[in-house]
Amino acid sequence: MPYIEIIKPQDAEGRLAEIYRRVTGPGGQVDNVLQIHSLRPHTLEGHMALYKAVLHHPRNKLPVWFLEAIGVRVSLLNDCAYCARHHGVGMKRMLQGSEERFAAYQEQLERDLPGAPFTGPEQAALVYASQLTLEPGSVSQASIRALKSAGLSDGEILEINQVAAYFAYANRTVTGLGVDTEGEVLG
């Protein structure tokens, strides 16, 4: 149950009703993380624009399943079960439903230092995302050099950074306002 008032889709009018129509997913669902913005629709538009640019832009180079994995990792570190669950389902879908493959990745995301089946560059990215999440003031040029040494380009490093930063925002919105998965179909 959210800690603040929300306007449900069936009660929305005007601009909010139009935004809800645009963000309604398959099956007619408006996710609770989006409904929490209902008192300030402009923040819902901003949230969706950031989400789409960071995770689902066609010019991103890293695979969407891995961007979702970064989101799951950051969400686990931030103790945000809502985002970890939602984006775990998204990651599984992007892995084309392979239960065994998903379980192997999910197990690693829950460890202090994720390892195989993540590749070396993916492991370096997860270390950076963890550092940015837990100790943002400790990130330095050396942190970036480690990513480059692992074979990641500046553009890929930017993608990793933006996904970790987006989830810091989303996790705090969700946990700070009591958003839960009640009534939702995940994924």
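Before any of the text, the structure's been laid out above.
Residues numbered from 1 in each chain as written. Predicted model: local features only at pLDDT ≥ 70, side-chain atom pairs only at ≥ 80, totals over all residues. Heavy atoms only, no water.

**Section: helix H9 (residues 154-177)**
Then, in step 1: With 24 residues, H9 should reach 34 Å at 1.5 Å per residue; the first-to-last C-alpha distance of 34 Å fits that figure.
Then, in step 2: Once H9 ends, the next one or two residues include Gly178, with phi positive near 75 degrees. (Helix = DSSP H or I, 4+ residues; strand = E, 2+ residues; numbered from the N terminus. Expected span 1.5 Å × (residues − 1).)

**Focus: the packing of helix H5 (residues 81-94) against H9**
Then, in step 1: Put simply, H5 and H9 touch, their axes get as near as 8 Å, and they point 125 degrees apart. Judged on the interaxial angle alone, H9 and H5 are oblique. Residues Tyr82, Cys83 and His87 of H5 touch H9, and the partners they reach there are Phe167, Ala170, Asn171 and Val174.
Then, in step 2: For the contact of H5 with H9, a count of residues per class yields 5 nonpolar, 2 polar and no charged. (Axes fitted to C-alpha atoms, helices over the stretch in contact; angles between N-to-C directions. Parallel < 35°, antiparallel > 145°, perpendicular 65-115°, else oblique. Contact = heavy atoms within 4.5 Å. Nonpolar A, V, L, I, M, F, W, Y, C, P; charged D, E, K, R; others polar.)

**What to know about the packing of aromatic side chains**
Then, in step 1: If you walk through the whole model with that rule in mind, you get 8 aromatic pairs.
Then, in step 2: Ring centres of Tyr51 and Tyr166 lie 5.9 Å apart, and the angle between their planes is 50 degrees; this geometry places the pair in the tilted category. Of this pair, Tyr51 sits in helix H3 (residues 41-55) while Tyr166 is found in helix H9, placing the two residues 115 residues apart along the sequence.
Then, in step 3: A relative accessible area of 4% places Tyr166 in the buried class.
Then, in step 4: An angle of 40 degrees between the planes, with centres 4.6 Å apart, marks the rings of Trp65 and Tyr105 as tilted. Of this pair, Trp65 sits in helix H4 (residues 64-77) while Tyr105 sits in helix H6 (residues 99-109); the two residues are 40 residues apart in sequence, bridging distant segments of the chain.
Then, in step 5: Taking relative accessible area as the criterion, Trp65 reaches 10% and is therefore assigned buried.
Then, in step 6: For Tyr105, a relative accessible area of 6% puts it in the buried group.
Then, in step 7: Members of the aromatic cluster, joined through ring pairs, are Tyr51, Tyr166, Phe167 and Tyr169. (Phe/Tyr/Trp six-rings, centres within 6.5 Å; stacked < 30°, edge-to-face > 60°. Buried < 20%, exposed > 50% of the residue type's maximum accessible area, 1.4 Å probe, protein only.)

**Some details on a nonpolar patch on the surface**
Then, in step 1: Together, Tyr3, Ile4 and Leu39 make up a nonpolar patch on the protein surface, roughly 300 Å² of accessible area in all.
Then, in step 2: Among the structural elements, Tyr3 can be located in the segment before helix H1 (14-23). (Patch = residues over 30% accessible without salt bridge, like charges linked within 9 Å, V, L, I, M, F, W, Y side chains within 5 Å. Areas by Shrake-Rupley, 256 points an atom, 1.4 Å probe, with all protein chains shown as cover. Salt bridge = Lys/Arg side-chain N within 4 Å of Asp/Glu carboxyl O.)

**Structural notes on the nonpolar core**
Then, in step 1: Counting 48 residues, the largest nonpolar core has Trp65, Phe66, Ile70, Met91 and Phe118 as the members making the most contacts within it.
Then, in step 2: Here this core gets 8 residues from one element, more than from any other, and that element is H9.
Then, in step 3: The residues contacting Trp65, other than those within four sequence positions of it, are Met91, Met94, Leu95, Tyr105, Phe118 and Glu122. (Core = buried A, V, L, I, M, F, W, Y, C linked by side-chain atoms within 4.5 Å.)

**Notes on the packing of H4 against helix H7 (residues 120-134)**
Then, in step 1: At a minimum axis separation of 10 Å, H4 and H7 run at an interaxial angle of 35 degrees. The way H4 lies across H7 gives a crossing that is right-handed. In this structure, H4 contributes Trp65, Phe66, Ala69, Ile70, Arg73, Val74 and Leu77 to the contact, and H7 contributes Glu122, Ala125, Leu126, Ala129, Ser130, Thr133 and Leu134. (Left-handed = near helix turned anticlockwise from the far one by under 90°.)

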